[in-house]
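# Architecture and fold: a report
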Amino acid sequence: MDEKKVMLSGIQPSGDLHLGNYLGAIRNWGARAEEFDCYYFMADMHTITVRQEPAALRRRTLEQLAQYIACGLDPEKNTLFIQSHVHQHAELGWVLNCYTMFGELSRMTQFKDKAAKHAENINGGLFTYPALMAADILLYQPDFVPVGDDQKQHVELTRDVAQRFNGIYGDVFKVPEPYIPKTGARIMSLNAPDTKMSKSIPEGCVFLMEKPEDIQRKFKRAITDSDTENCVRFDPAGKPGVANLMAIYSAVTGKTYDEIQAEFAGMGYGKFKPAVGDAVVEALRPIREEAARIMADKAYLESVYRAGAEKASYVAEKTLRKVYKKIGFVAR
Ligand code: TRP
């Protein structure tokens, strides 16, 4: 039998997607569905560990879903859903809270960071969040969980909790492996080329839904170099700003660095920067238009997340039922 391996990932709807997310990761996700049975969910339950504005959370959850679809996650080939629509997450989350140790949770670096950042709201959910994340994962018995560096520790904890539970009750959970995705382009901030592009520096960050003229303005203001060479040449150590723009241009056009150097030979940054801006605008245009179209088509969006939740909860319920039985809850 050639059943596909299962992959699952949660996405916090906490901000707008940007070019770094897209070129570095999301644009490769569509192709994964050929090899894996993929689940992606909007982790709205996780976001409330930090205070959220209700209308903004609702809007961002839907926008994020629309943007992922527009980036190539086909709802026919992937299971896309909203975490809070599948009640089994909360239920298994509670159970796993009781199998996750205070000491383990205390060691989570993300908790320590967030507690320091939100000293006025160090709530219980912020602390036990990794137990909910373990539930998110273990419900679907995935083989792989693709994660960035900041989430590795949580996946390790998930494995520990799964093994602990299996040790007591027999094989209930598949113990998942972290999946280190093939890295796409590593895109840096346009005005601080030594730091990764991030929404925390909005002037150096190009958002997927941004207007073309705003994108152009950001590229025209992009930092190039302090040298006076004014020449498009790939030299990441000496000319990090130019190298970053070349990486972006290469990622959206498919051209090699040699081809780019030849294309802009003798032209200087004044020609190069707007050309990169144009190429990015054109690359993002279909995504922006498709995401806007999906956002305007509420019936379609609703049909996607309903079908996704239905499929997800069918799978999740099987695991939850097994867990309840093993721990001694009376069957309904
Ligand atoms: N904690 C993840 C983040 O902050 C989001 C997330 C929630 C997640 N549940 C998950 C990721 C399950 C992978 C698997 O990015």
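Below is a short write-up of the structure. (Residues numbered from 1 in each chain as written. Predicted model: local features only at pLDDT ≥ 70, side-chain atom pairs only at ≥ 80, totals over all residues. Heavy atoms only, no water.)

## A look at the nonpolar core
Convention followed: The definition of a nonpolar core used throughout is a set of buried Ala, Val, Leu, Ile, Met, Phe, Trp, Tyr and Cys residues joined through side-chain atoms within 4.5 Å. Summary of the burial criterion: residues with accessible area below 20% of their type's maximum are buried, those above 50% are exposed, and those between are partly exposed, where the area comes from a 1.4 Å probe applied to protein chains only. The helix and strand labels rest on DSSP assignments: H or I over at least four residues marks a helix, E over at least two residues marks a strand, and numbering proceeds from the N terminus. An automatic or database domain assignment is the source of the domain bounds shown.
Counting 56 residues, the largest nonpolar core has Leu 19, Phe 219, Phe 272, Val 280 and Leu 284 as its most contacted members. Counting residues per element, this core draws most heavily on helix H13 (residues 269–296), which supplies 11 residues. When we break this core down by domain, the ones giving at least three residues each are domain 1 (5–184 + 298–327) and domain 2 (202–291). Counting 39 residues, the second-largest nonpolar core is a separate cluster that includes Tyr 39, Phe 127, Leu 157 and Leu 320.

## Let's talk about helix H4 (residues 54–70)
What counts here: Each helix should span, by expectation, one fewer than its residue count multiplied by 1.5 Å.
Its 17 residues give H4 an end-to-end C-alpha distance of 24 Å, which sits within 8% of 24 Å, the value for a rise of 1.5 Å per residue. Downstream of H4 by a residue or two, Gly 72 has a phi angle that is positive, lying close to 115°.

## Details of the packing of aromatic side chains
Selection criterion: Pairing of aromatic rings covers Phe, Tyr and Trp, the last counted by its six-membered ring, and requires centre-to-centre distances within 6.5 Å; plane angles under 30 degrees mean stacked, over 60 mean edge-to-face, and any other angle means tilted.
Scanning the entire structure with this criterion turns up 19 aromatic pairs. Note on Phe 111 and Phe 127: the rings are 4.9 Å apart at their centroids and 70° apart in plane angle, and the pair reads as edge-to-face. Taken together, the residues span a long stretch of sequence, with Phe 111 in helix H7 (residues 109–117) and Phe 127 in helix H8 (residues 124–138) at a distance of 16 residues. Here Phe 111 matches Phe 127 in class, with each residue buried. Counting every residue linked through ring pairs, the aromatic cluster contains Tyr 39, Phe 41, Phe 81 and Tyr 140.

## Concerning the pattern of salt bridges
Using the following cut-off: Here, a salt bridge means any side-chain nitrogen of Lys or Arg that lies within 4 Å of a carboxyl oxygen of Asp or Glu.
Throughout the structure, instances matching the rule amount to 18 salt bridges. A salt bridge links Lys 255 to Glu 263; the shortest N-O distance between them is 2.9 Å. Here Lys 255 falls in the partly exposed class, since its relative accessible area comes to 28%. You can call Glu 263 partly exposed: its relative accessible area is 31%. Two residues, Glu 290 and Arg 293, come together in a salt bridge whose shortest N-O distance is 3.1 Å. Placement of the pair is Glu 290 and Arg 293 together in helix H13, with a separation of 3 residues, close to one helical turn. For Arg 293, a relative accessible area of 43% gives the class partly exposed.

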